[in-house]
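# Reading the structure
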Amino acid sequence: MGAEEVGRPAAVTLPGTGARSRGAREPPPPGPWGWSRGRRRRRRSRRAAARGPLLAPAAQHRRRPRARRPAPAPAPAPASMIAAQLLAYYFTELKDDQVKKIDKYLYAMRLSDETLIDIMTRFKKEMKNGLSRDFNPTATVKMLPTFVRSIPDGSEKGDFIALDLGGSSFRILRVQVNHEQNQNVHMESEIYDTPENIVHGSGSQLFDHVAECLGDFMEKKKIKDKKLPVGFTFSFPCRQSKIDEGILITWTKKFKASGVEGMDVVKLLNKAIKKRGDYDANIVAVVNDTVGTMMTCGYDDQQCEVGLIIGTGTNACYMEELRHIDLVEGDEGRMCINTEWGAFGDDGSLEDIRTEFDREIDRGSLNPGKQLFEKMVSGMYLGELVRLILVKMAKESLLFEGRITPELLTRGKLKTSDVSAIEKNKEGLHNAKEILTRLGVEPSDDDCISVQHVCTIVSFRSANLVAATLGAILNRLRDNKGTPRLRTTVGVDGSLYKTHPQYARRFHKTLRRLVPDSDVRFLLSESGSGKGAAMVTAVAYRLAEQHRQIEETLAHFRLTKDMLLEVKKRMRTEMDMGLRKQTHEKAVVKMLPSFVRSTPDGTEHGDFLALDLGGTNFRVLLVKIRSGKKRTVEMHNKIYAIPIEIMQGTGEELFDHIVSCISDFLDYMGIKGPKMPLGFTFSFPCKQTSLDAGILITWTKGFKATDCVGNDVATLLREAIKRREEFDLDVVAVVNDTVGTMMTCAYEEPTCEVGLIVGTGSNACYMEEMKNVEMLEGNDGRMCINMEWGAFGDNGCLDDIRTIYDRLVDEYSLNAGKQRFEKMISGMYLGEIVRNILIDFTKKGFLFRGQISETLKTRGIFQTKYLSQIESDRLALLQVRAILQQLGLNSTCDDSILVKTVCGVVSKRAAQLCGAGMAAVVDKIRENRGLDHLNVTVGVDGTLYKLHPHFSRIMYQTVKELSPKCNVSFLLSEDGSGKGAALITAVGVRLREETSS
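Quick notes on the rules
- Numbering of residues starts from 1 in every chain and runs along the sequence as written.
- For a predicted model such as this one, the threshold for reporting local features is a pLDDT of at least 70, and the threshold for listing and counting side-chain atom pairs is 80 or more; totals across whole chains, interfaces and linings nevertheless cover every residue.
- Based on all heavy atoms of the structure, the side-chain values leave hydrogens and waters out of the count.
- What counts as a helix is a DSSP run of H or I of at least four residues, what counts as a strand is a run of E of at least two, and both are numbered from the N terminus.
- The rule is simple: take the accessible area with a 1.4 Å probe, protein chains only, and divide by the maximum for that residue type; under 20% is buried, over 50% is exposed, in between is partly exposed.
- The contact criterion used throughout is that any non-hydrogen atoms of two residues lie within 4.5 Å.
- Each accessible area is a Shrake-Rupley estimate made with a 1.4 Å probe; only the visible protein chains count as cover when residues are assessed.
- Salt bridge criterion: a side-chain nitrogen from Lys or Arg within 4 Å of a carboxyl oxygen from Asp or Glu.
- When DSSP finds two or more bridges between two strands, those strands count as paired.
- The axes used here are C-alpha line fits, helices contributing only the stretch in contact, and every angle between their N-to-C directions lies in the interval 0 to 180 degrees.
- Across the chain, each position has a pLDDT score giving the predictor's confidence in that residue, from 0 to 100.
- Two aromatic rings from Phe, Tyr or Trp, using only the six-membered ring of Trp, form a pair when their centres are within 6.5 Å; if the ring planes differ by under 30 degrees the pair is stacked, by over 60 it is edge-to-face, and anything between is tilted.
- Only buried residues count toward a nonpolar core. Its members are Ala, Val, Leu, Ile, Met, Phe, Trp, Tyr and Cys residues joined through side-chain atoms within 4.5 Å.
- An angle below 35 degrees is read as roughly parallel, one above 145 as roughly antiparallel, one from 65 to 115 as roughly perpendicular, and any other as oblique.
- Crossing chirality is assigned from the near helix's rotation relative to the far helix, an anticlockwise turn below a right angle marking it left-handed and a clockwise turn marking it right-handed.
- Think of it as three bins: nonpolar holds Ala, Val, Leu, Ile, Met, Phe, Trp, Tyr, Cys and Pro, charged holds Asp, Glu, Lys and Arg, and polar takes everything else, Gly as well.
- Working rule for helices: expected span equals 1.5 Å times residues minus one.
- Patch membership requires more than 30% relative accessible area and the absence of a salt bridge. Residues of like charge join within 9 Å; the nonpolar side chains Val, Leu, Ile, Met, Phe, Trp and Tyr join within 5 Å.
- Counting rule for charge: Lys and Arg are taken as positive, Asp and Glu as negative, and neither His nor the chain ends is counted.
- By convention, the charge on Lys lies at NZ, on Arg at CZ, on Asp at CG and on Glu at CD.
- Cysteine sulfur atoms are paired as a disulfide whenever they come within 2.5 Å of each other.

## Describing the overall build of the protein chain
Secondary structure assignment for the protein chain yields 33 helices and 28 strands. When each of the 997 residues of the protein chain is scored for burial, the buried share is 58%. Taking as baseline every contact in the protein chain between residues at least 6 positions apart, the subset at least 24 positions apart corresponds to 72%. For the protein chain, the computed accessible surface area is about 42,100 Å², with 49% contributed by carbon and sulfur atoms.

Encoded structure:
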């Protein structure tokens, strides 16, 4: 047997009761008188007859089989059409007669919905009796507590063995969990035969055989020297008082090993293992196969609270409220109940629907009077039921012209797999002819039709009865929850359900009618119930649930193309509002005129000072611009820190500190004296009334200095220079850093008409047509518009994509409710978003063993630079762990993987949102100019864009996808926005000189 690498259980989702199943046409559900009523059945039969015979022609009067022709034949003459219709009608009536005969003969097997609802009521009562301390001793449906209270808590890890005993074969699995590898669950399995003499021998023989197979398995896997925990799937009714005990109540499914009933199977197996003496094993859990199926499927779907087996035998389990289970102490929580519903009817409660054929099956079984419901519905008995019916019908000359062969009289000659073959849609009648011929009865076409209908009635009755009993369980679940409509998942396994061509569809259809107030998803267990028995699979279930919850949380950060197009559309709407005079006041994206009307033309010349204030650092620059054939820009700069107490102190303190830094720089450069032109890059939202005047609208990026908002920052700077009384400067231009970045890149690349900053904060600017700038007079030319797009969403237009973590970051920021777009995309906030997600995941036990460190509680500790480092493709997980340890976070490799995933999701969203905003900008430029296609360059700066390993690529790809008619190039501004301020100042000085001259 090959090894199976398992991350999730192989499971197939089947149509639930909330969705209509599709498939071949099926006769309507059975009423008391037959499969079909009236004309619908005749129309179907006639259509079938018109398509041609269902079997090879047995007589001259049969229609010829339909042949494929390369080209359509000419339309038949009216006479031949009438003849064809008469033949079709004759064949249809012939088939209808056969069907009617069978319907009448097997009338007792045909159950109306009224009868099925009555059976539901009976079974619900039996369930209640089984749960009751008073009635359980005499109840036939034992409702056995399994002591499976929920999925394991995830503390289990290591190597486990699972044994699966319950059918004609015995399966052993090795299940491994290794947290140091990405592969969470590794499964290997072997299948061993269970010979007839062992099944019907003594208990010691049976458990010696199990112990021998287990020894062989451990030998092959070279694990005999390990004492591994064992989970034992034992698919027979057992009474349990704890998880590692199973006292057999009764054998089922042809098992009849003596001396086992009433004994603890765990003790019997331990005894057999000990007798061998060549290995040791620790049996920690006994699980019924139905419970194993539920747990296996529960790994994939945490709403799975019912297990169902419809195979050789049949059974169901479900999660019951502990307060209803009298046999177990405690009232809180739930416990899985193994119904053992195969014994339903053993007290005579189903006598009114049992037929003579059911009684004959029971009399010939190994356990007469027991498991009566199972004998009516399970795969072990359906083939034999059909055989008994055929024998009786042949004896009464209703089939095979009265011929009865020794093969037909031999028990077990007609198997349930034969019933499945006969009921296949296309080749069913052909299969019937082959199977009946094998039994020596030489069937006619009519015989094959009749036998097919017998099979249908028998299997349909089985599906109906299982639907009725499952319906009772679903109603109980709904009542327990006190909900008008139940939504749940049923884990299902078993050969009859899996392999019969019509069974699942019929079963689902009937269940929909019986419990219309339940939405049920059927999840097919492909990996078998043995996996559910292994305690290690509990870890896999926990991991699966964690994965589901993690993905659910992170899904809010994953933006589809449609969502990004919507963001682009909304950005464009806000841009238009900011540009219009009528809506500008209430617009959140202010679209501020910068009074920069053109980019450098190359004639700028001179020495200029530039100040660059926009983050925790402040730069002072001396920029020497030389024109001519060889244009040059020489820069000298010095960086100064701005302490937090200055950022959040008074305005006077802030501007005095700035002037102090300027004084130091002038001394450093030896240029204190002459009145130099100065450009002030001030990277906060300002309303400019001219090139050299900017009124601060609001602080961002952690600044909170008082007495600044509403004032002209150029005036505040001039006043601080005057207070110092050391030097004088000519403040020529107040420049936003984004505009400065655009100008810097435009000096190198004339097609640069857009500026973008993605660093501590984020903003964009672009060259807009003057006719669209309604806040200013004049329609000619263009002007650079400082968008101040960080405030995009402040009016609630992005609330549908903001997460709880975005709201937390906003709530605890210095400017709550403002700059919401910036808080989703800029470097100042991404680390804080990640920190809040990590805290949430830790609280849920997904990270750091559920322990929240003091470090993780500290706001701002998870800086955005850590995102860039953690997401680096060159960084191994051990290095990621080292970074987390620097932050006081003692992480496992699994923790590191999850932290890296969170960082990636948050930064990708930021890049995509930035790309969506930029797509709106470049498309507006293209539309402004009436172009089918636009080539444009974006000058870009900022630490997040520069240092993050994936941000620039994701943003570029997003712009490309959202604005396919624009060819956008991104040019990195290496010299920062300070150089741009100097260039704007140079342009301003040049224009001022040109005007004065």
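## Here's the deal with the pattern of salt bridges
Applying the stated rule across the entire model yields 63 salt bridges. Note that D664 and K638 form a salt bridge whose closest N and O atoms lie 3.0 Å from each other. You can see D664 sitting in helix α21 (residues 651-669) and its partner K638 sitting in strand β19 (residues 632-641), a full 26 residues away along the chain. Judged by relative accessible area, which is 27%, K638 ranks as partly exposed. Here R782 ties to E769 by a salt bridge, and the two come within 3.0 Å at their closest N and O atoms. Of this pair, R782 sits in strand β26 (residues 782-786) while E769 sits in strand β25 (residues 762-769), and the two are 13 residues apart along the sequence. Look at R782 and you get partly exposed, because its relative accessible area is 33%. Shared partners join several salt bridges into a network, and the residues in it are K568, R572, D576, D923, R926 and E927.

## Focus on the sheet that holds strand β28 (residues 966-972)
Spatially, β16-β26-β25-β24-β27-β28 is the arrangement adopted by the six strands of the open sheet, whose pairing is mixed. Each edge of the open sheet is held by one strand with a lone partner, namely β16 (592-593) and β28. The sheet strands contacting helix α23 (residues 737-748) are β24 (752-758), β25, β26, β27 (934-941) and β28, and the helix crosses β24 at an angle near 130°.

## Regarding the pairing of strand β21 (residues 686-690)
One ladder, built from four bridges, connects β21 with strand β22 (residues 693-696); its direction is antiparallel. The partner of C686 across the bridge, within β22, is L696. Where β21 folds back onto β22 in an antiparallel hairpin, the turn is made up of two residues.

## Observations concerning the sheet that holds strand β17 (residues 606-613)
Ordered in space as β19-β18-β17-β20-β23, the five strands form an open sheet in which the pairing is mixed. With one partner strand each, in any of the chains shown, β19 and β23 (729-735) form the two edges of the open sheet. Strand-to-strand twist in this sheet, taken as the mean axis angle between neighbours without regard to direction, amounts to 20°. The sheet contacts of α21 involve β17, β18 (617-626), β19, β20 (676-682) and β23, and relative to β19 the element is tilted by about 130°. Across the sheet, α23 touches β18, β19, β20 and β23, and the angle it forms with β23 is around 95°.

## Looking at unusual backbone geometry
One non-glycine residue, Q371, adopts positive backbone phi at about 55°. Within the secondary structure layout, Q371 lies in the loop between α8 (356-363) and α9 (372-377). The backbone phi angle of F595 is positive, close to 65°, even though this residue is not glycine. Positionally, F595 belongs in the loop between β16 and β17. Residue classification places F595 among the buried positions, given a relative accessible area of 19%.

## Examining the confidence of the model for the protein chain
With 85% of its residues at a pLDDT of 70 or more, the protein chain shows a mean pLDDT of 83. Across the protein chain, element-level confidence peaks in helix α19 (residues 561-579) with a mean pLDDT of 97 and bottoms out in strand β1 (residues 3-6) with 36. Long-range and interchain partners of residues 1-69, a stretch whose pLDDT sits below 50, account for 158 contacts in this model, where long-range means more than four residues apart.

## Looking at the packing of aromatic side chains
All told, the structure shown has 27 aromatic pairs when counted by the stated rule. With centroids separated by 5.8 Å and ring planes inclined at 70°, the aromatic side chains of F123 and W341 adopt a geometry described as edge-to-face. Taken as a pair, F123 in helix α3 (residues 113-131) and W341 in the loop between β13 (334-338) and α8 lie far apart in primary sequence, 218 residues in all. An aromatic cluster of at least three residues, connected via ring pairs, comprises F232, F234, F236, W251 and F255.

## Topic: the nonpolar core
One finds L308, L390, F507 and F522 to be the most contacted residues of the largest nonpolar core, which totals 87 residues. Of the residues forming this core, the biggest block, 17 residues, is contributed by helix α14 (residues 445-481). F792, L830, C914 and F951 belong to the second-largest nonpolar core, a separate cluster that totals 82 residues.

## Digging into the packing of helix α24 (residues 804-811) against helix α26 (residues 827-843)
Two elements in contact, α24 and α26, have axes separated by 9 Å at closest approach and are oriented at 120°. Considered as vectors, α24 and α26 are oriented oblique to each other. α24 and α26 meet at a crossing whose hand is right-handed. Contacts between α24 and α26 pair Y805, D806, L808 and V809 from the former with Y829, E832, I833, N836, I837 and D840 from the latter. Across the contact of α24 with α26, the residue classes tally to six nonpolar, one polar and three charged.

## Considering α26
Helix length check: α26 (17 residues) gives 25 Å between terminal C-alpha atoms against 24 Å at 1.5 Å per residue, within 8%. Of all 17 residues in α26, 15 are buried; the element is thus mostly enclosed. Two residues or fewer past α26, G845 is found with a positive phi of approximately 85°.

## Structural notes on a positive patch on the surface
Together, K254, R411, K413 and K415 give the surface a local cluster of positive charge. Within the element layout of this structure, K413 appears in the loop between α11 (406-409) and α12 (416-422). K413 gets classed as partly exposed once you look at its relative accessible area, which sits at 41%.

## Things to note about the side chain of K823
Within the fold, K823 resides in helix α25 (residues 822-825). Apart from residues lying up to four places away in sequence, K823 is in contact with D810, S813, N815, A816, G817, K818, Y829 and I833.

## Re helix α10 (residues 379-395)
One turn of an α-helix holds 3.6 residues; hence residues three or four places apart share an orientation. Given a rise of 1.5 Å per residue, 17 residues ought to cover 24 Å, and the 26 Å separating the end C-alpha atoms of α10 matches this to within 8%. A large share of α10 lies buried, amounting to 15 of its 17 residues. Just beyond α10, the residue with positive phi is S397, at close to 60°.

## Points about the state of the cysteines
Under the defined criterion, the tally for this structure stands at zero disulfides. Here C745 is not disulfide-linked; the sulfur of C752 is the nearest cysteine sulfur, at 5.0 Å.

## Some points on the environment of F232
Considering the arrangement of structural elements, one finds F232 in strand β7 (residues 228-234). Judged by relative accessible area, F232 falls into the buried class, the value being 0%. Along the primary structure F232 and L163 are separated by 69 residues, whereas in three dimensions their C-alpha atoms are 4.8 Å apart.

## Details of the pairing of β17
Working note: regular strand, side chains alternate between the two faces of the sheet. When you tally the buried positions in β17, you get seven out of eight residues, the bulk of the element. Of the strand pairs in this sheet, β17 and β18 are connected by eight bridges, and their pairing is antiparallel. The residue bridging G606 from the neighbouring strand is I625, located in β18. Taken together, β17 and the strand that follows it, β18, pair antiparallel across an intervening segment of three residues. Looking at chain direction, β17 and β20 are connected through five bridges and run parallel. When the sheet's bridge partners are listed, L613 is paired in β20 with F682.

## A short note on the packing of α3 against α14
Between α3 and α14, the least distance of the axes is 8 Å, while the angle of their chain directions is 55°. It follows that α3 is oblique to α14 by the angle criterion. Relative to α14, the crossing made by α3 is right-handed. Residues L116, I119, M120, F123, K124, M127 and L131 of α3 form the contact with α14, whose participating residues are N464, L465, A468, T469, G471, A472, I473, N475, R476 and D479. The residue makeup of the contact of α3 with α14, split by class, is 10 nonpolar, four polar and three charged.

## Overview of the environment of R631
Along the chain, R631 turns up in the loop between β18 and β19. With a relative accessible area of 39%, R631 lands in the partly exposed category. Residues R631 and G602, spaced 29 residues apart in sequence, show a C-alpha to C-alpha distance of 7.2 Å.

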